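So the chains spell out like this:
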Amino acid sequence: QVQLVESGGGSVPAGGSLRLSCAASGSIFMINAMGWYRQVLGEPRELVATTSSAGRPSYADSVRGRFTISRDNAKNTVYLQMNTLNPEDTAVYYCNADVVQFDGRRGAYWGEGTQVTVSS
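Residues numbered from 1 in each chain as written. Predicted model: local features only at pLDDT ≥ 70, side-chain atom pairs only at ≥ 80, totals over all residues. Heavy atoms only, no water.

With respect to the helices, strands and loops of the structure, L80 is situated in strand β8 (residues 77-82). Given a relative accessible area of 0%, L80 falls into the buried group. Taking C-alpha positions, L80 is 8.9 Å from G35, a pair spaced 45 residues apart along the chain. If sequence neighbours within four positions are ignored, L80 has contacts with L18, R19, L20, W36, V48, A49, F67, T68, I69 and Y93. (Helix = DSSP H or I, 4+ residues; strand = E, 2+ residues; numbered from the N terminus. Buried < 20%, exposed > 50% of the residue type's maximum accessible area, 1.4 Å probe, protein only. Contact = heavy atoms within 4.5 Å.)

So, in structure tokens, the structure goes:
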């Protein structure tokens, strides 16, 4: 009953920028924290950035200063502005949301991912 759809991935040269978007839809009463994670094949999924319901951001050390997470609660959407990309940022990026549904259920939901590829 809750779906997250990411967009904005693609291929860029090192030093370039991308902006990812993730829109949540479905039986949503409230969204608490939202975040972005990334995963390279064969490696664990890692936290990139999170934002609280009030928009308070938190970042992994590897992206702090380069990436900016933001959200638009009216649109149930979270964004990730990625600047100064490097090849180590290459991964599938996943959106996550802590959702309270109208029936009171609370849980974490994931998007299907969007590929980001950074060439050197």
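Evaluated as defined, the whole model comprises two aromatic pairs. Seen in terms of ring centroids, F29 and F102 are 6.1 Å apart; in terms of plane orientation they differ by 70°. Their pairing is edge-to-face. Taken together, the residues F29 in the loop between β3 (18-26) and β4 (30-39) and F102 in the loop between β9 (91-100) and β10 (106-110) connect sequence positions 73 residues apart. A ring pair is formed by Y37 and W110, whose centres lie 4.9 Å apart and whose planes are at 65°; its orientation type is edge-to-face. Separated by 73 residues along the polypeptide, Y37 in strand β4 and W110 in strand β10 bring together distant segments of the chain. When the ring centre of Y79 is taken as reference, the NZ or CZ atom of R19 above it lies at 4.1 Å. One residue, R45, lies across the ring of Y94, its end atom 3.7 Å from the ring centre. (Phe/Tyr/Trp six-rings, centres within 6.5 Å; stacked < 30°, edge-to-face > 60°. Lys NZ or Arg CZ within 6 Å of the ring centre and 35° of its normal.)

Turning our eyes to something else, we now look at the side chain of D89. Position of D89 relative to the elements: it lies in the loop between β8 and β9. Setting aside anything within four residues of it in sequence, one finds D89 in contact with R38, R66, F67, T84, V116 and V118.

Once that is clear, we can look at the state of the cysteines. Per the counting criterion, the structure on display carries one disulfide. Note on cysteine connectivity: C22 is disulfide-linked to C95, with sulfurs 2.1 Å apart. Judged by the sign of its S-S torsion, about -85°, the cystine formed by C22 and C95 is left-handed. Taken together, the positions of C22 in strand β3 and C95 in strand β9 put the pair 73 residues apart, joining distant regions of the chain. An identical accessibility class is assigned to C22 and C95; each is buried. (Disulfide = S-S within 2.5 Å.)

Although it is not a glycine, N76 sits at a positive phi angle of roughly 50°. Structurally, N76 can be placed in the loop between β7 (67-72) and β8. Note on N76: relative accessible area 24%, which makes it partly exposed.

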